Amino acid sequence: MRLQLNGTSVDAEVATLADLLTARGYGEAKVATAVNGTFVPAPLRADHALAEGDSIEVLAPMQGG
Amino acid sequence: MRDFYGTTLANGFMLGTAQYPSPAILAEAFRRSGASVATVSLRRESGQDRAGQDFWNLIRDLGVHILPNTAGCHSVKEAVTTAHMAREVFDTPWIKLEVIGEEDTLQPDVFGLVEAARILTEDGFQVFPYTTEDLVVADRLLDAGCEVLMPWGSPIGSGLGLNNIFGLRALRAHFPDVPLVIDAGLGLPSQATTAMELGYDAILLNTAVAKAGDPAAMAEAFALALKAGKLAQSADPMEPRDMAAPSTPVIGKAFLE
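Predicted model only: the values in this text are computed from it and were never measured. (Residues numbered from 1 in each chain as written. Chains lettered and ligands numbered in written order. Predicted model: local features only at pLDDT ≥ 70, side-chain atom pairs only at ≥ 80, totals over all residues. Heavy atoms only, no water.)

### Thoughts on the pairing of strand S1 (residues 2–5) of chain A
Residue and element names in this part refer to chain A.
And then number 1: Here S1 shows a buried face lined by Leu3 and Leu5 and an unburied face lined by Arg2 and Gln4.
And then number 2: Across four bridges, the pairing between S1 and strand S2 (residues 8–11) is antiparallel. Directly across from Leu5, in S2, lies its bridge partner Thr8.
And then number 3: Where S1 lies against strand S5 (residues 55–63), two bridges are found, and the strand directions are parallel. Paired with Gln4 across the bridge in S5 is Ser55. (Buried < 20%, exposed > 50% of the residue type's maximum accessible area, 1.4 Å probe, protein only. Helix = DSSP H or I, 4+ residues; strand = E, 2+ residues; numbered from the N terminus. Pairing = 2+ DSSP bridges.)

So this is what it looks like as structure tokens:
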């Protein structure tokens, strides 16, 4: 399945958002997620099915002013 | 000091975490600043290097309050979604709400700001809105549920200081019970002193410290300046006057002509 992950096109054979995070090496990292511009809370990632062409954002703490 | 959504801060120094030469210098700047709040952000994370995790460990060890921002957001939807993501990652209802309306000045889109503030407040956020000194906008933000206002001193990163002291003084006078923070544009400690002398509760800055030749020293300079301004304000400053008034008593002066 072709997905957009943080703006980059990736191929991933995964069913859910949680699967994608595991497959891409995020493990237990402190991140927040959104799919197609909508926030997906951590407890809902395992139930959030991904579809061809979905755009996923994975954000983490970063420097800010 | 007025409190911020029920939280009393040790001081009114809010310091950004961006643009430092190194993580060690960032930590040293925070140590010497004594700042009580650190502003942070969210950016894309790679599953390979996971750079955000190291940064998070560093910030957590500072032992200060965390104020996530929505920097770079240009729409209400973008800002609201970012706020939700920040609340989950940083585990705080505080959000420094930025909805940018103009690219050259990074001036807030005050219309979008009010709308986003209302949505987030209804969702349980405690919003710190990055706004202008406009009194009407301030009133709308308070109506939307904000209990703190953060007017800019001047454009973000400009170092121009307090561009409209009259407007900032009017804002203070109009909202005597609202915690007010000068957010953005400060370049020198003397400007922070002025902000505190005007009766502001806090300052929020980043570039002036991070881009100084010696960020840690500049952080301490701002801390001292803030303390001086706060003390001066509480000491009830004299009223300025147009004409001279001799400070040395005239009575008893010798006649020597």
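On we go from here.
### Details of the state of the cysteines
Disulfide: a covalent bond formed between the sulfur atoms of two cysteine residues.
And then number 1: For the coordinates displayed, the defined rule picks out zero disulfides over all chains.
And then number 2: As a non-bridged cysteine, Cys146(B) has Cys73(B) as the owner of its nearest cysteine sulfur, 16 Å distant. (Disulfide = S-S within 2.5 Å.)

### Quick notes on the side chain of Thr16(A)
And then number 1: On the secondary structure map, Thr16(A) appears in the loop between S2 and helix H1 (17–23).
And then number 2: When near neighbours in sequence (up to four residues on either side) are disregarded, Thr16(A) contacts Arg45(A), Ala46(A), His48(A), Ala49(A) and Leu50(A). (Contact = heavy atoms within 4.5 Å.)

### Examining the nonpolar core
And then number 1: Judged by nonpolar contacts, the single largest core of 80 residues is most densely connected at Met14(B) and Ile203(B).
And then number 2: When residues of this core are assigned to their parent elements, the largest contribution, eight residues, is made by helix H3 (residues 76–90) of chain B.
And then number 3: In this view, Ile203(B) contacts Gly12(B), Phe13(B), Met14(B), Val181(B), Ile182(B), Leu186(B), Ala192(B), Ala195(B), Met196(B), Phe222(B) and Leu226(B); residues no more than four positions away in its chain are not counted.
And then number 4: Core analysis: the next-biggest nonpolar cluster, separate from the first, contains 18 residues, Val10(A), Val14(A), Val35(A) and Val58(A) among them. (Core = buried A, V, L, I, M, F, W, Y, C linked by side-chain atoms within 4.5 Å.)

### A short note on the packing of aromatic side chains
Residues and elements named next belong to chain B.
And then number 1: Tallying each qualifying case throughout the model produces four aromatic pairs over all chains.
And then number 2: Here the aromatic rings of Phe4 and Phe128 are separated by 6.2 Å at their centres, their planes lie at 10°, and the arrangement is stacked. With Phe4 in the segment before strand S1 (13–16) and Phe128 in strand S5 (residues 126–131), the pair connects residues that are 124 residues apart, well separated along the chain. Neither residue differs from the other here; Phe4 and Phe128 are each classed as buried.
And then number 3: Seen in terms of ring centroids, Tyr5 and Phe128 are 5.5 Å apart; in terms of plane orientation they differ by 50°. Their pairing is tilted. With a gap of 123 residues between them, Tyr5 in the segment before S1 and Phe128 in strand S5 connect regions that are remote in the sequence. (Phe/Tyr/Trp six-rings, centres within 6.5 Å; stacked < 30°, edge-to-face > 60°.)

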